[in-house]
2 protein chains.
Amino acid sequence: MSYIKAPMDIEKRSFEIIEEELGEKINSFTEAEKPVVKRIIHTTADFEYADLLDIENDAINSGMEALKSGCKIYCDTNMIVNGLSRGILEKFSVKAYSLVSDEETIKEAKERGVTRSIVGMEKALKDKDTKIFLIGNAPTALYTLLENMKENMPKLIVGVPVGFVGASESKEELSKYDVPYIRIRGRKGGSTVAVSILHGILYQMYQREGM
Amino acid sequence: MSYIKAPMDIEKRSFEIIEEELGEKINSFTEAEKPVVKRIIHTTADFEYADLLDIENDAINSGMEALKSGCKIYCDTNMIVNGLSRGILEKFSVKAYSLVSDEETIKEAKERGVTRSIVGMEKALKDKDTKIFLIGNAPTALYTLLENMKENMPKLIVGVPVGFVGASESKEELSKYDVPYIRIRGRKGGSTVAVSILHGILYQMYQREGM
């Protein structure tokens, strides 16, 4: 079988195809936003994301500043934590974590009859070093964040929960807040989408700084 | 804010909506296939997957048998390993693993100028207990599997690599083999899709066995 085996060639050719097929649509995004759009499509092979993406309240700059200052990143799934490139996180001395699978979270969620996502988010909000929130799965995590963030306003919310119950509504709610956010309107989103958005920011910082 | 906070209610309502919107389309799948289709849509909020899904060569029964016998599951990303429910894997005494981030794999891939996915898959194929392969990311992993599986024929290949270079082609190649497989035609797929397919199989085994 004949196929490309070198990782850099695959990535390069992938982005060329994405650019070709996006065509003029890419020009509705700023230079700093373009890598984010392209990475989402690279991850999903779904061009609809270009139409569903909102980047508001200077989200990318605000996120970059937080990342430069070595903040913590709270993720609503372990899959997101795991999907983030450890190498690039270490370069910026930032840490990603999730609390949804902690024994304590599981126990408390059961007792209260609520999702683990709610309990995990409540706990995360107590850590004042946590400035970026990646929500790829649970609308309840996003709602809990919006309800309780006043004392510790995020520098960036990536609000891309996926699904049929509350996902779309929670992202509508997000858009009412004066907070830097990136969202996918409607039902689509997910852990891999959340990862691709943060990578779209981190990799361009890395390139710009010639690290 | 008013929203559903109980996890079981959210899941139940989600599947009701999916069934409503799928309509008659679900009837083109067998009883054992239906949970797989629905889980993929639950994970992606993308109904197109119902049209792109192929389940061939008695894939679900074959996968179930392997799972019952306590096989190993090789995954082409750590995200897949991490996304699989540890609880349900333990119930069936099956183990999921990936080798793409091992020091040895990284070193060898660099030396040979090939993807880590190729090297990881080559190593996985040496373990005769590995009967199920979940490929959600790298076409090169799927190609390497197809080229080298003769000595250790899989009981199930979940072939859902996503992307623009080789993804579609590698899944076409898969369909030429007389091996139990589940694939998503075209460019779409991904780690979360691979997880949802295995969960669609595992959760129905769990229910049937009244565990």
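This structure is a prediction, so every number in the text was calculated from the model and none was measured.

Student: Report on the environment of A:Lys150, specifying residues and quantitative values.
Tutor: You can see A:Lys150 is positioned in the loop between helix H9 (139–148) and strand S5 (156–159). Taking the C-alpha atoms as reference points, A:Lys150 and A:Leu125, separated by 25 residues in sequence, lie 9.8 Å from one another.

Student: Tell me about the sheet that holds strand S4 (residues 130–135) of chain A, and please be specific about residues and values.
Tutor: All names here are of chain A. Strands sit in the order S1-S6-S5-S4-S2-S3 across an open sheet of six strands; the sheet is mixed. Where the open sheet ends on each side, the last strands, each with one partner, are strand S1 (53–56) and strand S3 (95–97). Here the average twist between neighbouring strands, direction ignored, is 15°. Across three bridges, the pairing between S5 and strand S6 (residues 181–184) is parallel. Bridge pairing links Gly 159 to Arg 183 in S6. Docked against the sheet, helix H4 (residues 59–68) engages S1, strand S2 (72–75), S4, S5 and S6, running at close to 125° with respect to S4.

Student: Give a detailed account of the interface of chain B and chain A, specifying residues and quantitative values.
Tutor: Counting residues at the interface gives 44 residues for chain B, matched by 44 residues for chain A. A buried area of about 3,600 Å², summed over both sides, lies between chain B and chain A, and 69% of it is on carbon and sulfur atoms. When the buried area of chain B at its contact with chain A is split by residue, B:Met1, B:Met79 and B:Phe164 rank highest and sum to 22% of it. Taken together, the connections running from chain B to chain A amount to four salt bridges. Between B:Asp46 and A:Lys188 there is a salt bridge, and its shortest N-O distance comes to 3.9 Å. For the pair chain B and chain A, the number of links is eight residue pairs in polar contact (both at pLDDT 80 or more). For the side of chain B that touches chain A, the secondary-structure elements that each account for two or more residues are helix H1 (7–22), helix H2 (34–44), helix H5 (78–83), helix H9 (139–148) and helix H11 (191–208) of chain B. Top element by residues in the side of chain B that touches chain A is H1(B). It accounts for seven residues. Partitioning the side of chain B that touches chain A into residue classes produces 22 nonpolar, 14 polar and eight charged.

Student: Describe the relation of the copies chain B and chain A, and please don't skip the residues or the numbers.
Tutor: By a simple turn and slide, chain B fits onto chain A: the slide is 0.0 Å along the axis, the RMSD is 0.0 Å, and the turn is 180°. Classification of the inter-copy transformation places it as that of a two-fold axis. Closest to the rotation axis within chain B is the C-alpha of B:Met79, separated from it by 2.7 Å.

Student: Give a description of the packing of H1(B) against H2(B) that names residues and reports values.
Tutor: Residues and elements named next belong to chain B. Contact geometry of H1 with H2 gives a least axis separation of 10 Å together with a crossing angle of 110°. One element, H1, and the other, H2, form an angle in the roughly perpendicular class. Two secondary-structure elements touch here, H1 through Glu 11, Ser 14, Phe 15, Ile 18, Glu 19 and Leu 22 and H2 through Val 37, Lys 38, Arg 39, Ile 41 and His 42. Its residues placed into classes, the contact of H1 with H2 shows five nonpolar, two polar and four charged.

Student: Just give me the short version of the UniProt feature "domain: Cobalamin biosynthesis precorrin-8X methylmutase CobH/CbiC" (unreviewed entry) in chain A, but keep the residues and values in it.
Tutor: In the numbering used here, UniProt assigns the feature "domain: Cobalamin biosynthesis precorrin-8X methylmutase CobH/CbiC" (unreviewed entry) to residues 9–203 of chain A. Summarising residues 9–203 of chain A: 52% helix, 13% strand, and an end-to-end C-alpha distance of 17 Å.

Student: Lay out the pattern of salt bridges with the relevant residues and their values.
Tutor: Inspection of the entire model under this criterion finds 42 salt bridges over all chains. Where A:Glu108 meets A:Lys123, a salt bridge forms, and the shortest distance between an N and an O atom there is 3.3 Å. Of this pair, A:Glu108 sits in helix H7 (residues 103–112) while A:Lys123 sits in helix H8 (residues 116–124); the two residues are 15 residues apart in sequence, bridging distant segments of the chain. The exposure class assigned to A:Glu108 is partly exposed, which follows from its relative accessible area of 24%. For A:Lys123, a relative accessible area of 22% corresponds to the partly exposed category. The partner of A:Arg112 in a salt bridge is A:Glu122, with the nearest N and O atoms 2.9 Å apart. With A:Arg112 in helix H7 and A:Glu122 in helix H8, the pair connects residues that are ten residues apart, well separated along the chain. Classification of A:Arg112 by relative accessible area gives partly exposed; the value is 39%. Linked by salt bridges that have partners in common, A:Asp46, A:Glu48, A:Lys188, B:Asp46, B:Glu48 and B:Lys188 make up one network.

Cut-off values and rules
- Residues numbered from 1 in each chain as written.
- Chains lettered and ligands numbered in written order.
- Predicted model: local features only at pLDDT ≥ 70, side-chain atom pairs only at ≥ 80, totals over all residues.
- Heavy atoms only, no water.
- Helix = DSSP H or I, 4+ residues; strand = E, 2+ residues; numbered from the N terminus.
- Pairing = 2+ DSSP bridges.
- Axes fitted to C-alpha atoms, helices over the stretch in contact; angles between N-to-C directions.
- Contact = heavy atoms within 4.5 Å.
- Buried area = accessible area lost by both parts, 1.4 Å probe.
- Salt bridge = Lys/Arg side-chain N within 4 Å of Asp/Glu carboxyl O.
- Polar contact = N/O pair within 3.5 Å; in protein donor to acceptor, adjacent residues only side chain to side chain.
- Nonpolar A, V, L, I, M, F, W, Y, C, P; charged D, E, K, R; others polar.
- Least-squares fit on C-alpha atoms with pLDDT ≥ 70 in both.
- Parallel < 35°, antiparallel > 145°, perpendicular 65-115°, else oblique.
- UniProt positions renumbered as here; feature names shortened; annotations may be inferred.
- Buried < 20%, exposed > 50% of the residue type's maximum accessible area, 1.4 Å probe, protein only.

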